[in-house]
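Listed here are the chains, written in short residue letters.
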Amino acid sequence: MTELERLQKAKIPCPETGIEIRHTVCDICTPGPQCGIDAFIKDGKVIKVEGTDGFPTNDGVLCTKGAASRQYIYREDRLKTPMKRAGARGEGRFEPISWEDAMAVCAEELNKVKANHGPEAVTFLCGYSKWFRPWLQRLAYSFGSPNYITESSTCHTAEVMSYTSLFGTYSMPDLRNAKMIMSWGSNGVINSYPMGRAVLAMKAQGGKLVVIDPRRTHLAVKYADLYLQPKIGSDAAIAHAMAKIMIEEERYDKAFVDKYCYGFEKYANYVSHFSLSRAEEISGVPAGDIRKALDMFLETDPSTVLPGNGLTHRINGYNIHRAILSLMALSGRYDRPGTMMPARKTLCESDAGFDSLEHDFYMSRWPQNARPRVGSERFPLWTKLLHDRQGQGMDLIRHMEEGTPYPLKAMVCFGVNDRMYLESPRFLAGLDRMDFVVATDIFHTDVINHADIVLPASTSFERSEVKCYMGQFLYYTRPAISPVHDNKDDVEIITLLANALDLDDDLLRSGYDKTVQHMLSTSGIEDWEAVKNSPLPVRAPNAKRYIPGTQLREGFKTPTGKIELSCSVLEEIGRPDLDPLPIHKSSDDDADPAKYPFVLMSGARIPNAVHSRTHNVPWLRSLRPNPSVDINPADAERLGIKQGDTVRIVSTVSSITVKANISSISNVGDVNMFHGYKEANINSIIPVDHLDPYTGFPGYKQLRCRIEKVEDRP
Amino acid sequence: MRKFAIIGFGCAGYNGAKSLREHAPNVVIDVFDPSRRSPFNPMLSTYHAAGKLPYDAVFPFGSLEEICRALDLNYFSENVLEVTADRTIRTESDLYRNYDGILLATGADAMVPGSLRCSGNRWFTMRTLDDALALRQHLDTNQVRSAAVVGGSMVGIKVAELLHSEGVNVTIVDAASHLFPLAAYESTARFIQRQLENKGLGFRFDAKVTAIDEDGIAFADGSALQADLVCLCIGTRAGTRSFRNSSVQIGHAVVVNSHMETSVPGIYAAGDCCEGINLQTGKTAVIGLWANAAMQGACAGANMAGDHADCPGNILHNITRFFDMDFISLGDITLPGCKHLFDCPEFFVSLVMDGNTLQSVNVVGNYRVSGILKHHLVKQLTGGASTTFTPAQRGLLERNGLPREFIQLIGGSPNDRA
Amino acid sequence: MKYVFVLDESKCVACSACAVACMDQNDIDPLAGDIPFRAAFVDEQGPVEDPKFTFLSIACMHCENAPCMIACPTGCLKKDPETGFTVFDNTNCIGCHSCAMACPFAQPCFNDNSGKMTKCDGCVERVKRGMQPACVKVCPFGALSLVSESEYQELMRTDARKKISYKILD
């Protein structure tokens, strides 16, 4: 090999090889932690990626998924051109169509539905990615429909509701300054490595870690100083027992509670019924361990809980999450470094150190006289608590099927994944009831096959966008490569739609750069080109570090102005099945335990996947090729199941067939399964009404099921 | 200045010279080998004959001139006819020389039993490069429709593959009852045989060959096999003729201890001409392998220079790839024990365990587990039968398709679980 | 300067980012049956009530006396004098698999397309130009590192935490 061949094979960026590095961001997971990427470009193609050194989130490293960005952006199943349906819905036959014609069809069909059934009959549905959300929301509202819905209906919003009902605002544990962390249902090292790194950094500085998780996670087996393994869904009982001790032994922060908390008497009275022995009975966690965990939490200051998102995926999930947060209020651990801190959002759920006009950008177009949005009557807490007025998508299947309180006739889908919906086939059947479906995606997904018009979207590598990062950073990318196919970025598509629909919205119709600069006009940035030219994120002139204690001083944005241990919004709603207190209640469903002896937990992250988006990336799929269910060795032995055997997971509604992965990551009696596989979609076996009545969130993480061994050989 | 002789310049001789030079920069090293060829692996002969490896690529250590220059060797291209106990040698040209140390590294030659009557010019052996060139030339200049390969082991199978790939109708003949009689369990051998039969190869076992001539092969039972070409691949014989009078102890080959020293002080032996220690039996045996020769040579060279190097011995092991199939054999397959088999569509692993001790292994179709299993087998013999797999080894075996139960069976500790 | 690959086991969670980075760097195609030169995995042992987990990332250890190099009949493998890595030029590889049987870590792999063996080269060209090997660069927890011989000795002397390199596995 010549020297040049060696350089080329090693992909060394230098003039001789013609390989150059361009900066972009990874767009595979959720916007908050998205990492800076150095794309190695040769002849206009990405030939390798690396993390960007000095980037605020990742400083040179990448996670498993981000490292596979090259295969992600060049996935075989990328949509290559706009298409219109040529066969029956679901059949998957399409023919190419020009962008102009596609837009004309969309405008005609959507305006027809609007004219015949009202604007509410068109739903604007958003899945991944999330960077274009404010634009899609404004598109919906400018069109006149209140039905802007996102997959956060299953993911993040219940958490937001829990934080908001207690503290009046979304909050986050300050892991960087905490000296002790109680990680509750969170496996940070796998689900978000920057968070994991913060936990490990705390440990490296001598801090203590308690892990409470029904799964024996990486964090639990490797880093926990104390590990509690509760039965699935029993967490509120543990939190209440801790609260009872704090109150009865006068170890709570009385001054803080007196000054800042609402509903303490009711709450104290309620938790007084949770003795340690009762908590042990409910959770299976030894009473001594619960006390030890509490002691570690209280004896270190500052300390914080790190509540996992998955806690809300139980049908009493909202209460479980609130019960845990209540410990922060009770111990006076809020709004000071190393405890729970109020969080601000500048753009797309991320904070760049200043308040933007994002909220105003879409809320200013809110259709005042529209009929109630999807899910708003069924889930009144959702409707009253949330400031951004999304619909609750978990009512969508019912709404599509029943057509009440009004029929839904058209769907505008952006990156929608049917496998996030319970009994997913019913979601696709619902799409087939629509008069018109337009679907935008990067990839040819299931939903695409049910659309009339298909629009190919681009990845972060092919577009220009602004991202915000913790630590008051802001980043404006340039495209690293030209569009891989005849695709456009999502905001470009939204802009085209707004123009084709001839909406009375000049700002939205003006395109990405103008709208984003409008939303971020509060940043103090004047020369946006200079920001675009910066290889690394910059600080906006108006970015300010949050001063701890501000919230305490200014008062909470709850109806009572205080931290609400009893939710005043729920008191006002007054529905008997919605308790203002964070009550403990079984999240078990009513399937017969004799027939369905196992408890299924789905959705906990594996390193190589995020929902369905990377199952078709060969590098990532090769790491765990088969959809597989984690079964405890003791259960496996009892059932005669060996590693790699084929098993069936059966619920009251359906079943899927997967491989067995024998591991004590699952507790005895529990099984755990990652979601989003086409050939083994775990959410297809969860009943469509298995929802938390407070938030409408699906009970992904607690469902009765049965495991059957399937004989492979005939 | 001390003087050393190295007799035979293959892998063992080369590594002996290299090691000796590293340990003793100032000594005289005389190398005796009549071939005038750089060291190479005889196994490459078939690859060269098959046209898969150009001539120059056969020699991994470079040209003879480069080697002699780099290691400062005096090369004598002649045979040594005699080695005596006082470390004196006599060469073809009647050169007599006395040395401070001698390394016997004459390798081995293709075996042609004296009892076998061979006539005509259509029969070949396959060991040296000249063998390869002769076969190649014959194939290129004659129309060969049928061939018999006598000896169904590693060399025979590669020759059969080469002939088969050139459209020759091949029959493998062996005196044993199955292929690879020294390396494969009968079940493994039958499996491989079936695969090869599917590709059109013929087999004749329990067949004692008495004569080879222009028509093919004559057997002891009076029958005959017509063949345009016969290749004799029935093994090798250590090249020990010149040491017969040296009082060096010779069994099947020159017997050495763990320092690679023969029964005569100052005379060492390495490679295919010697019998090192077979770790499994504790007895000496020829383990004719390239890497083994390299290690033995290096050990002998160091000890000749006055160092104290040890070559604790080895196990029988072999990996062969033929007809897109990998066959791996580890350990002495004749050792007793309980047979276990893991079989799946992609590969199988068959092995013999005596209690917790792994005795021997046959693998077909999964080369990736071979190194770990071999390492385990050796470690067991040097570190004790209780040797268990490390987490890394377990993980790698599982990743490469072995089921947990099977991994546990081979190298699990009582506390482990499958 | 000679280098040693070190895995700080206490920091590894077997997330396989290293394996993916390896596939990206070396254009490994799993659909063609190829596997990365580095693999991460979890090993679980011990009683069900109190299991012991080991998280590992394993690639070529670039052994000092590399058994694969000794075993190769055609001299494809050699030690790179600058880095100490076990590098290869498989022009003359005959696919005999001898290197595979010699390796205690199941590292050399056979490429069906080319009919030749291949393995981790330590990203030797990157390292020679002051860059890190792809697997080391990507590691989100800093579990993998490439250190010089002398740094390695110092590390072993001062840090009792479990480290994995060829020195202690051999």
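Residues numbered from 1 in each chain as written. Chains lettered and ligands numbered in written order. Predicted model: local features only at pLDDT ≥ 70, side-chain atom pairs only at ≥ 80, totals over all residues. Heavy atoms only, no water.

1. Looking at the overall build of chain C
- The helix and strand tally for chain C stands at 7 helices and 9 strands.
- Scaling as 2.2 N^0.38, a compact globule of 170 residues should have a C-alpha radius of gyration of about 15 Å, and chain C matches this with 16 Å.
- Scored against the burial criterion, the 170 residues of chain C give a buried share of 64%.
- Across chain C, the fraction of contacts at a sequence separation of at least 24, relative to all contacts at a separation of at least 6, is 57%.
- Here chain C has roughly 6300 Å² of accessible surface; of this, 51% comes from carbon and sulfur atoms. (Helix = DSSP H or I, 4+ residues; strand = E, 2+ residues; numbered from the N terminus. Rg over C-alpha atoms; globule rule 2.2 N^0.38 Å. Buried < 20%, exposed > 50% of the residue type's maximum accessible area, 1.4 Å probe, protein only. Contact = heavy atoms within 4.5 Å. Areas by Shrake-Rupley, 256 points an atom, 1.4 Å probe, with all protein chains shown as cover.)

2. Thoughts on the sheet that holds strand 11 (residues 226–228) of chain A
Residue and element names in this part refer to chain A.
- Sheet architecture is open: 4 strands sit in the order 11-10-9-13, paired in parallel fashion. Bordering the open sheet on either side are strand 11 and strand 13 (303–307), each of which pairs with just one other strand. If you compare each strand with its neighbour and ignore which way they point, the axes differ by 15 degrees on average.
- Bridge count between strand 9 (residues 180–184) and strand 13: 5 bridges; the pairing is parallel. From the neighbouring strand, methionine 180 faces strand 13, where its bridge partner is serine 303. (Pairing = 2+ DSSP bridges. Axes fitted to C-alpha atoms, helices over the stretch in contact; angles between N-to-C directions.)

3. A short note on the interface of chain C and chain A
- Facing 35 residues of chain C, the contacting portion of chain A comprises 47 residues.
- Taking both sides of the interface into account, the surface hidden between chain C and chain A amounts to around 3200 Å²; carbon and sulfur atoms contribute 58%.
- When the buried area of chain C at its contact with chain A is split by residue, Asp24(C), Lys137(C) and Phe141(C) rank highest and sum to 19% of it.
- Between chain C and chain A we count 7 salt bridges in total.
- Among the ionic pairs, Lys137(C) bridges to Asp53(A), the shortest N-O distance being 2.6 Å.
- For the interface between chain C and chain A, the tally reads 21 residue pairs in polar contact (both at pLDDT 80 or more).
- A per-element tally of the side of chain C that touches chain A places helix 1 (residues 17–26) of chain C first, with 7 residues.
- Taken together, the residues of the side of chain C that touches chain A break down into 21 nonpolar, 3 polar and 11 charged. (Buried area = accessible area lost by both parts, 1.4 Å probe. Salt bridge = Lys/Arg side-chain N within 4 Å of Asp/Glu carboxyl O. Polar contact = N/O pair within 3.5 Å; in protein donor to acceptor, adjacent residues only side chain to side chain. Nonpolar A, V, L, I, M, F, W, Y, C, P; charged D, E, K, R; others polar.)

4. Thoughts on the sheet that holds strand 1 (residues 3–7) of chain B
Residues and elements named next belong to chain B.
- Reading across from one edge, 3-2-1-7-20 is the order of the 5 strands in this open sheet, with parallel pairing throughout. Both edges of this open sheet fall to strand 3 (74–76) and strand 20 (267–269), since each of them pairs with a single strand only. Averaged over all pairs of adjacent strands, the angle between strand axes in this sheet comes to 20 degrees, irrespective of strand direction.
- Note: strand 2 (residues 28–32) against strand 3, 3 bridges, orientation parallel. Following the sheet pairing, phenylalanine 32 is matched in strand 3 by phenylalanine 76.
- Strand contacts of helix 1 (residues 11–23): strand 1, strand 2 and strand 7 (101–104), with the helix running at about 160 degrees to strand 1, the strand carrying the most contacts.

5. Looking at the pairing of strand 18 (residues 466–469) of chain A
Residues and elements named next belong to chain A.
- Burial of the side chains of strand 18 extends over both faces: Val466 and Cys468 are buried on one face and Lys467 and Tyr469 on the other.
- Sheet analysis places strand 18 next to strand 19 (residues 473–476), joined by 4 bridges and oriented antiparallel. Across the sheet, residue tyrosine 469 finds its bridge partner in strand 19, namely phenylalanine 473.
- What sits between the antiparallel neighbours strand 18 and strand 19 is a turn of 3 residues, in which glycine 471 has the positive phi angle 90 degrees.

6. Thoughts on the interface of chain B and chain A
- Contacts between chain B and chain A engage 4 residues on the former and 6 residues on the latter.
- Buried area between chain B and chain A, both sides added, is near 400 Å², and the carbon and sulfur share of it is 42%.
- For the pair chain B and chain A, the interface holds 0 salt bridges.
- Partitioning the side of chain B that touches chain A into residue classes produces no nonpolar, no polar and 4 charged.

7. Remarks on the domain arrangement of chain A
Residues and elements named next belong to chain A.
- Taken domain by domain, chain A holds domain 1 (3–73), domain 2 (83–156 + 346–539), domain 3 (171–342 + 557–573) and domain 4 (598–710).
- If you average the C-alpha positions of domain 1 and of domain 4, the two centres end up 33 Å apart.
- The interface of domain 1 with domain 4 comprises 8 residues on the first partner and 11 residues on the second.
- Buried area between domain 1 and domain 4, summed over both chains or domains, comes out near 910 Å², and the portion from carbon and sulfur atoms is 67%.
- It is Lys65, Gln71 and Tyr72 that lose the most area in domain 1 upon contact with domain 4, and together they represent 56% of the buried surface on that side. (Domains from an automatic or database assignment.)

8. Here's the deal with helix 11 (residues 264–271) of chain A
All names here are of chain A.
- Listing the buried residues of helix 11 in full gives Phe264, Tyr267, Ala268, Tyr270 and Val271. The buried residues of helix 11 occupy an angular sector of 160 degrees when projected down its axis, which confines them to one face. Helix 11 presents Glu265 and Asn269 as exposed residues on the side facing more than 90 degrees away from its buried surface.
- Tucked inside the fold, the buried residues of helix 11 contact helix 9 (235–248), helix 10 (254–260), strand 12 (261–262) and helix 14 (317–330). (Arc of directions from axis to C-beta.)

9. Some words on the nonpolar core
- One finds Trp135(A), Leu136(A), Leu139(A), Leu474(A), Leu373(B) and Leu402(B) to be the most contacted residues of the largest nonpolar core, which totals 181 residues.
- Counting residues per element, this core draws most heavily on helix 3 (residues 99–117) of chain A, which supplies 7 residues.
- Leave out the neighbours within four places in its chain, and Leu136(A) touches Phe124(A), Leu125(A), Cys126(A), Tyr148(A), Phe414(A) and Ile494(A).
- Formed by 132 residues, the second largest nonpolar core is a distinct cluster that contains Ala158(A), Ile238(A), Leu396(A) and Leu600(A). (Core = buried A, V, L, I, M, F, W, Y, C linked by side-chain atoms within 4.5 Å.)

10. Overview of the packing of aromatic side chains
- Considering all chains together, one arrives at 39 aromatic pairs over all chains under this definition.
- Centroid distance Phe191(B) to Phe348(B): 4.9 Å. Interplanar angle 90 degrees. Geometry classified as edge-to-face. Taken together, the residues span a long stretch of sequence, with Phe191(B) in helix 6 (residues 186–198) and Phe348(B) in strand 26 (residues 348–354) at a distance of 157 residues.
- The interplanar angle of 35 degrees and the centroid separation of 5.6 Å between the aromatic rings of Phe5(C) and Phe85(C) together place this pair among those described as tilted. (Phe/Tyr/Trp six-rings, centres within 6.5 Å; stacked < 30°, edge-to-face > 60°.)

11. Quick notes on helix 21 (residues 512–519) of chain A
Residues and elements named next belong to chain A.
- Of all the positions in helix 21, only Tyr512, Thr515, Val516 and Met519 are classed as buried. Summarising the axial view, the buried residues of helix 21 lie within an arc of 95 degrees, below the 170-degree limit, and thus occupy one face.
- On the buried face of helix 21, the contacting elements are helix 4 (133–143), helix 15 (358–363), strand 18, strand 19, helix 19 (490–500) and helix 20 (506–509).

12. Observations concerning the packing of helix 9 of chain A against helix 12 (residues 276–283) of chain A
Residues and elements named next belong to chain A.
- Packing of helix 9 against helix 12 leaves a shortest axis separation of 9 Å and a crossing angle of 170 degrees. On the basis of their axis angle, the class for helix 9 and helix 12 is roughly antiparallel. Two secondary-structure elements touch here, helix 9 through Ala237, Ile238, Ala241 and Ile245 and helix 12 through Leu276, Ala279, Ile282 and Ser283.
- Class assignment of the residues belonging to the contact of helix 9 with helix 12 gives a composition of 7 nonpolar, 1 polar and no charged. (Parallel < 35°, antiparallel > 145°, perpendicular 65-115°, else oblique.)

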